Structures are given as C-alpha cells and as structure tokens.
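Report on the structure
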Amino acid sequence: MQQLTLTRPDDWHLHLRDGAALKVVLPHTVRQFARAIIMPNLKPPVRSLADAAAYRDRILAAIPAGKQFEPLMTLYLTDNTSPEETIAAKASGFVKAVKYYPSGATTNSEFGVTDIRKCDRVFEAMQQVDLPLLLHGEVTDKDVDIFDREKVFIQRYLIPLKQRFPKLRVVLEHITTADAVEYVLNANNIGATITPQHLLFNRNRIFKGGINPHFYCLPILKRETHRQALVKAATSGNPKFFLGTDSAPHTRTSKESACGCAGCFSALHAIELYAEAFESVNALDKLEAFASFYGPDFYQLPRNTEQITLNKSTWKIPDEVPFTESGLVPLNAGQEMTWQMV
Ligand code: DOR
Ligand code: ZN
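Criteria and cut-off values
Residues numbered from 1 in each chain as written. Chains lettered and ligands numbered in written order. Predicted model: local features only at pLDDT ≥ 70, side-chain atom pairs only at ≥ 80, totals over all residues. Heavy atoms only, no water. Core = buried A, V, L, I, M, F, W, Y, C linked by side-chain atoms within 4.5 Å. Buried < 20%, exposed > 50% of the residue type's maximum accessible area, 1.4 Å probe, protein only. Contact = heavy atoms within 4.5 Å. Donors = N, O, S within 2.8 Å, 3.2 Å for Na, K, Ca; no water. Helix = DSSP H or I, 4+ residues; strand = E, 2+ residues; numbered from the N terminus. Arc of directions from axis to C-beta. Bend = angle between axes of the 7 residues up to and from the residue. UniProt positions renumbered as here; feature names shortened; annotations may be inferred. Axes fitted to C-alpha atoms, helices over the stretch in contact; angles between N-to-C directions. Parallel < 35°, antiparallel > 145°, perpendicular 65-115°, else oblique. Left-handed = near helix turned anticlockwise from the far one by under 90°. Nonpolar A, V, L, I, M, F, W, Y, C, P; charged D, E, K, R; others polar.

1. Looking at the nonpolar core
- Counting 86 residues, the largest nonpolar core has Phe123, Leu135 and Leu158 as the members making the most contacts within it.
- Once you skip the residues sitting within four places of it in the chain, Leu135 turns out to touch Lys99, Tyr100, Ile116, Phe153, Leu158, Leu161, Val170, Val171, Leu172 and Glu173.
- Within the second largest apolar cluster, 16 residues are counted, among which are Trp12, Leu72, Phe293 and Leu301.

Pasting the structure below:
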C-alpha cells in the first residue's frame, strides 16, 4: 500500500499546556486532528467551569489563522469538586468529561483525589447527567511496584467503582497492560484510549544502551507481552478501544534531568506512529475506525467528514522541535518513519 486516506482523526487524550507552550504545540495537533480532549492538569489545574471556559478561550485564540480545531474541555476532579459543578459543566456543552488523577500520581497531580470513594456524590451526579469520567488508572501507594500500579488500581478501585455506578461512562486512559485490556473487554459502559508509545515500545526501550528519559511516561511502559495485548486490542476493531496520544510536552532540560518529568511528545507525528504500529501487524485496514470513528461514537459526537492522506515515504523524525526555554524532543526522535501525512 502506497497511500492511506482516512477520515480526519481526533485525539481523545491530549496535554496542550498553556501560555507560550500552548502556542507552540497546538499547531502540531491542529495539523492532524479535528478535535481533542484537553487534559486539565495545568498549574493551577482547571477545576471549575469558569476555569475551563477561560482555558478554552486561550486555546481558541492560539489556533493558527484559517485552521479549524475544536477543543473538548475537561474538569480536574479534586476532593472538593461539587456535584453542582459537574452538572453545570455538562449543561455548558463544551465540557465533555471530568478527569480523575490520584493525588501524586503524575505531572501536576498534587490537587488530585486522595481517596476515590470521597467523590461518590460527584459520580452520582455525573452518572445522572451522563458526563464521562476519565481515569488515570494507577494507584500511588508506595508499597505497590510501579509496573503493577494499573493492575492494582483496576482490582482495588475500578471494579468497586463500576459496581457502585454501573451506568457511569468511564474511559480508562492510556492503558498499558493486558489486565486493562481484559477488564475493558468484559465491563460495560467503558472505553479505553491507547497511546502510540505503548503500542510501539516496551519497557526495555527506557534502558536501551543507557537511560532514555524521552521514553519515560506514566503509566510507565510495560513488558512485551503487555505491548502485544495492546496492539491486539487496538487493531481488533472493538469500538471500546480508541486513539488518545497523551502527547505531553516537557522541555528537553526538564526531561534530561536527575529527576526527569514523565511524558512523551507525539503531537508532531501521532497519526504516522499509529500507522506504523498498525502496519506492523498488517492491520492498516483497522486504523481509520480506531483513529476516527470509535472515539466520537463513545463521546456521542458526530464523526468528522474531512479526510487526511498519508503517503508511504521515508523521513526522519527531527531530533528536536522549537519549544519554550529549551527544545522539545519528539517521541522516537532521530529515527525513520515510513508513513508521512501530506
Ligand atoms: O507521562 C505523563 N505525562 N503522564 C501523565 O499522566 C501526565 C503527563 C503530563 O502532563 O506530562
Ligand atoms: Zn495524560
């Protein structure tokens, strides 16, 4: 196959940051995607409907002239989020979900929830108005091994949560394990996003020839059997699994540090990375639905009507793209790609 034409995709999990960083990263996403679910983990986080409205305006103002893009906003759940705030968010029309971060799990999660059971009144309201809950599905207990955090979260918190709120629509974000795939396959009212890094790499990549901080993200890459389970899920044609890059830009200096930040930047070449992953198992015919159909179907939004084209053509991922104080290193920088969006 030499050319691939797809309905324009959407990114159902994206970090755009704010200020100068937002202005630099947004054009990359706008080039490939029509819409994106915007993560609320700013400093301070997007906790209220008013915060979300103001952030949305800043994103709209940063869209390059003449381009179309729709930011789909989320609220950051805290111990103090009120049920009324989520009801108002749903009524606004532009807030599409509420994001749960366990306190201390990842970048800017210090305002996150200390005990998910404290939020039951909010979940009750969200279930009532049908506002989806997006989960960073990891436990943060220091006694749990970092590679087991997702699996333990499912057992300890997600299964009980779904028993308490069976109709609450949930997205288990950036799944990384065979355990998550199996859980999602067998539960109701649940979807899952899958990132390019978790489809393409296993945890060996973090340590190949030395420590490679640009492959460090959370949840962390897992062993090869898990990667294979994710590829199988993404390419299965099951509508529960859809595209969410988790593109999470950090400056080169904050990644290449004694205590480097978690996050992979993939907005530059996201759809090509997914194409490589799907092609590796001869499943390019399954890419369009994963990238462009199942996400809007889950969120009950219309599918896009425009198309994009990818050509079979070799190019090198740049070592760095311009960012703020220091550059931004794209996922798999310096390596060859065989698909290129035109
Ligand atoms: O690797 C990650 N980076 N995981 C997250 O959950 C947050 C993200 C970020 O905001 O940098
Ligand atoms: Zn994320």
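Continuing now.
2. Some details on the coordination of the zinc ion (ligand 2)
- Listed as protein donors to the zinc ion (ligand 2) are His13 (NE2), His15 (NE2) and Asp246 (OD); their distances from the metal cover 2.0 to 2.1 Å.
- Of note, the zinc ion (ligand 2) draws all its donor residues from one chain, in the sequence arrangement H-x1-H-x230-D. With His13 in strand E2 (residues 11-14) and Asp246 in the loop between strand E9 (241-243) and helix H10 (252-255), this pair connects stretches of sequence that are 233 residues apart.
- Its relative accessible area of 7% is what places Asp246 among the buried residues.

3. Regarding helix H6 (residues 178-186)
- Along H6, the residues that are buried comprise Ala180, Val181, Tyr183 and Val184. On an axial view of H6, the arc spanned by its buried residues comes to 165°, and they lie on one face. Looking at H6, the residues exposed on the side facing more than 90 degrees away from the buried face are Glu182 and Asn186.
- Lining the buried residues of H6 we find helix H5 (149-164), strand E7 (170-172), strand E8 (190-194), helix H9 (224-234) and E9.

4. Description of helix H1 (residues 19-32)
- Maximal helix bending in H1 amounts to about 30°, located at Val25; proline Pro27 follows within four positions.
- Taken as a whole, H1 has its buried residues at Ala21, Leu22, Val25, Leu26, His28, Thr29, Val30 and Gln32.

5. Topic: the UniProt feature "binding site: Zn(2+) 2" (unreviewed entry) in the chain
- Taking the UniProt record as the reference, the feature "binding site: Zn(2+) 2" (unreviewed entry) is found at Lys99, His136 and His174. These annotated residues cover 76 residues of sequence, and their C-alpha atoms all fall within 12.7 Å of one another, placing them together at a single site.
- Locating Lys99 in the fold gives a position in strand E5 (residues 95-100).
- Those residues within four positions of Lys99 in sequence are excluded, and the remaining contacts are His13, Met39, Pro40, Leu75, Tyr76, Leu77, Leu134, Leu135 and His136.
- The exposure class assigned to His174 is buried, which follows from its relative accessible area of 2%.

6. Side note on the packing of H1 against helix H2 (residues 49-62)
- With their axes 9 Å apart at the nearest point, H1 and H2 run at an angle of 60° to one another. Considering the angle they form, H1 stands oblique to H2. Note that H1 runs across H2; the crossing there is right-handed. Residues Leu22, Lys23 and Leu26 of H1 lie in contact with H2, whose contacting residues are Arg58, Ile59 and Ala62.
- In terms of residue class, the contact of H1 with H2 is built from four nonpolar, no polar and two charged.

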